[in-house]
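Residue-level structural notes
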Amino acid sequence: MLIEFTFKNFKAFRDEVTLSMKGSSFKEHENNLLTFKSDKLSKLKIIYGGNASGKSSLIQAIGFVKEFFVNSNLLLESSKIRVMPFKFREKYLDEPSSFKITFAKNNKKYIYSFSCTINEVVSERLDIYYSNKATNIFIRSNTDDYKFNSDSKLLSDIKTKNTKNKLFLVTAATWNYDVVKPVYDFIVNDLVIIGSNTPDNKYSFDYLYQKGDYEEYKKFAVGFLNDADISITDIEVDIKKVKDTNNSEFMKILGVLTNNNDEQMHAFEEANIYNFMFKHEVSDSSAKNSYFLSLNEESLGTSQLFSLSIILFYAFKEGKVLVIDEIDKSLHPLLVRHIIRTYIKNSCDDVPSQLIANTHETDLLDLDLLRRDDIVFVDKNFDSGVASLYSLADFSPRKEENIRRAYLIGRFGAVPFIKE
């Protein structure tokens, strides 16, 4: 479970901001909360703000941390780090961008932080709470200065395998230092980023079939679509290998794309093609009949929900932190609301899952659905270009207040001010 994410000097965010998942003392909608020891954590954070306010920058900051973890070992010593500092003041271009993530895994609390420029990792630190007191595992400062508080001989040896532009924690995990592996696993596998610049493509239908989860998934997907008032009663799938499609023109194009490389051609030929058919039951005056539509015959909204269903399935089955840029894209407001309700219903303490999403869909600004601390705003100062992050709870709105109307008239900020 994510507890807090803190960062600064990244894209629109010059100053340090924190996205906190900690629940406040409000008593409403306690089913919107998860429990970690004595703490209450939000199942979801819904982020609002005007266009170009920094909503996507917040998602991209989380995505950058994951991307850096995934790619750290692939960097050559001369490679640049793909960090994006605040660009509206020249001095910030050379200052480090910093990131800190606090999370719970395996009933332990972890705090991991690092700062970097495009050329090097400047600092790095890991603390683990085996009890109520933090245990420091390592501290990295001035790029090459390391302090180890345990396993110093082993970590000193791993240090020699690291370079200035790589994360030491990733290097340590690669060299099988078990203490840091939960951190690596959480950031690489438990954080799932959808949209933005770092799309997460792990949860494909190939993954579903390799895991043997299709029948369980199909039950979830049909229920999810039916609850959204889409008349799909069953899903059938026909699976073929690319080589069995007998499409000679496609194979010629494949040859050009792979430069006729035998190994790459074989990999493409053995890839699966999934043809999904959706069963609809409709009634006329005399009888009920069933008809099948292919995915490309379904509406864009249905296709979006179907694509999202596999990610939601694994979010609830395996306990993920799902981060979505523009959750309302191509969806009716009531379908977005349905996704939120599904999340609240299915996430639980046994398999905790959390949702962080930005949106312009104001129908979610409803205190009958969300807690006051579930709603977050991003606003950008017009003169300085600096984005800020704050919660609806900071305004102490009344439970019966129409917060959608209050937001649209600008009471909470984070809306565009149309000059005309």
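Our subject is the structure that appears above.
One structure accompanies this document, and this report is about it. Keep in mind that this is a model prediction, so the values were computed, not measured. (Residues numbered from 1 in each chain as written. Predicted model: local features only at pLDDT ≥ 70, side-chain atom pairs only at ≥ 80, totals over all residues. Heavy atoms only, no water.)

Some details on the overall build of the protein
Using the following cut-off: Working definition: helices are DSSP H or I runs of at least four residues, strands are E runs of at least two. Numbering for both runs from the N terminus. We take the radius of gyration over the C-alpha atoms and set the globule estimate at 2.2 Å times the residue count to the 0.38 power. Only protein chains enter the accessibility calculation, which uses a 1.4 Å probe; a residue is then buried when its area is under 20% of its type maximum, exposed when over 50%, and partly exposed in between. Contacts are assigned to residue pairs that have any heavy atoms within 4.5 Å of one another.
Counting its regular elements, the protein contains twelve helices and 18 strands. Relative to a compact globule of 420 residues, whose C-alpha radius of gyration would be 22 Å, the protein shows 24 Å and is just as compact. Expressed as lengths along the three principal axes of its C-alpha atoms, the size of the protein is roughly 80 × 65 × 50 Å. Within the protein, the fraction of its 420 residues that count as buried is 50%. For the protein, restricting intrachain contacts to residue pairs at least 6 apart in sequence, the fraction spanning at least 24 positions comes to 63%.

Let's talk about the sheet that holds strand S14 (residues 288-294)
To keep it simple, the criterion reads: In this description, strands pair whenever DSSP reports at least two bridges between them. Fitted lines through C-alpha atoms serve as axes, helices being fitted only where they are in contact, and the angles separating the N-to-C directions of these axes extend from 0 to 180 degrees.
Read across the open sheet, the three strands follow the order S12-S13-S14; overall the sheet is antiparallel. A single partner strand is all that each edge strand has here, and the edge strands are strand S12 (232-241) and S14. Averaged over all pairs of adjacent strands, the angle between their axes in this sheet comes to 25°, without regard to strand direction. Pairing of strand S13 (residues 272-283) with S14 involves seven bridges; the strand directions are antiparallel. Its bridge partner lying in S14, Phe278 is registered against Leu293. Sheet contacts for helix H7 (residues 214-227): S12 and S13; angle to S12, the most-contacted strand, approximately 135°.

Description of the packing of H7 against helix H10 (residues 300-318)
Here is the rule we go by: Roughly parallel covers angles under 35 degrees, roughly antiparallel covers those over 145, roughly perpendicular covers 65 to 115, and oblique covers all other angles. By convention the crossing between two helices is left-handed if the near helix lies anticlockwise of the far one by an angle smaller than a right angle, and right-handed if it lies clockwise. Residue polarity is assigned by list, with Asp, Glu, Lys and Arg as charged and Ala, Val, Leu, Ile, Met, Phe, Trp, Tyr, Cys and Pro as nonpolar; anything else, Gly included, falls into the polar class.
Put simply, H7 and H10 touch, their axes get as near as 10 Å, and they point 120° apart. Classed by the angle they form, the pair H7 and H10 counts as oblique. Once H7 is placed against H10, the crossing between them reads as right-handed. Across the interface between the two elements, Glu216, Tyr217, Phe220, Ala221, Phe224 and Leu225 of H7 pack against Leu305, Phe306, Ser309, Ile310, Leu312, Phe313, Phe316 and Lys317 of H10. Partitioning the contact of H7 with H10 into residue classes produces eleven nonpolar, one polar and two charged.

Observations regarding the environment of Glu4
Considering the arrangement of structural elements, one finds Glu4 in strand S1 (residues 2-8). Glu4 sits 107 residues away from Ile111 along the chain, and the two C-alpha atoms are 9.2 Å apart. Not counting the four nearest positions on each side in its chain, Glu4 is found in contact with Thr18, Leu19, Ser20, Lys22, Lys100, Ile101 and Thr102.

Side note on empty space enclosed by the protein
Left-over empty space is what a probe sized like a water molecule reveals as it rolls over the atoms. To keep things clear, this is the line we draw: A cavity, in this analysis, means grid points on a 1 Å lattice covering only the protein atoms where a 1.4 Å probe fits yet has no way out; a pocket is instead an open set bounded by protein on both sides within 12 Å along at least five of seven lines, and a residue lines either one if it has an atom within 4 Å of a point. Grid points are joined across faces, edges and corners, and a volume is the space filled by probe spheres set on the points.
Taken as a whole and assessed by the stated rule, the structure comprises one cavity of 30 Å³ or more. Its volume calculated, the largest cavity comes out at about 60 Å³. Taken together, Phe64, Glu67, Phe68, Asn71, Leu75, Lys80, Ile81 and Arg82 make up the full set of residues lining the largest cavity.

Overview of the nonpolar core
General note: in soluble globular proteins, nonpolar side chains tend to be found buried as a group. To keep it simple, the criterion reads: Buried Ala, Val, Leu, Ile, Met, Phe, Trp, Tyr and Cys residues that are joined via side-chain atoms within 4.5 Å together make up what is termed a nonpolar core.
Ranked by size, the top nonpolar core spans 60 residues in total, and within it Tyr217, Ile235, Leu305, Leu322, Ile340, Leu355 and Phe377 carry the most contacts. At ten residues, H10 tops the list of elements feeding residues into this core. Once residues within four sequence positions are removed from consideration, Phe377 is found in contact with Tyr48, Ser388, Leu389, Tyr390, Ser391, Leu392, Tyr407, Phe412 and Ala414. Counting 58 residues, the second largest nonpolar core, distinct from the first, contains Phe10, Leu19, Leu169 and Ala173.

A look at the pattern of salt bridges
Once their charged atoms are close, side chains differing in charge can pair, the charge on each being opposite to the other. So the rule is basically this: Any carboxyl oxygen of Asp or Glu that lies within 4 Å of a side-chain nitrogen of Lys or Arg is treated as forming a salt bridge with it.
Scanning the model with the defined rule gives 20 salt bridges in all. The shortest N-O distance in the salt bridge between Glu401 and Arg411 comes to 2.2 Å. One end of the pair, Glu401, is in the loop between strand S18 (387-391) and helix H12 (403-408); the other, Arg411, is in the segment after H12, with ten residues separating them in the sequence. Looking at Arg411, the relative accessible area reads 39%, which means it is partly exposed. Taken together, the shared-partner salt bridges in this structure form one network comprising Lys105, Asp185, Asp190, Lys211, Glu318 and Lys320.

These results come straight from atomic positions and should not be treated as a statement about function.
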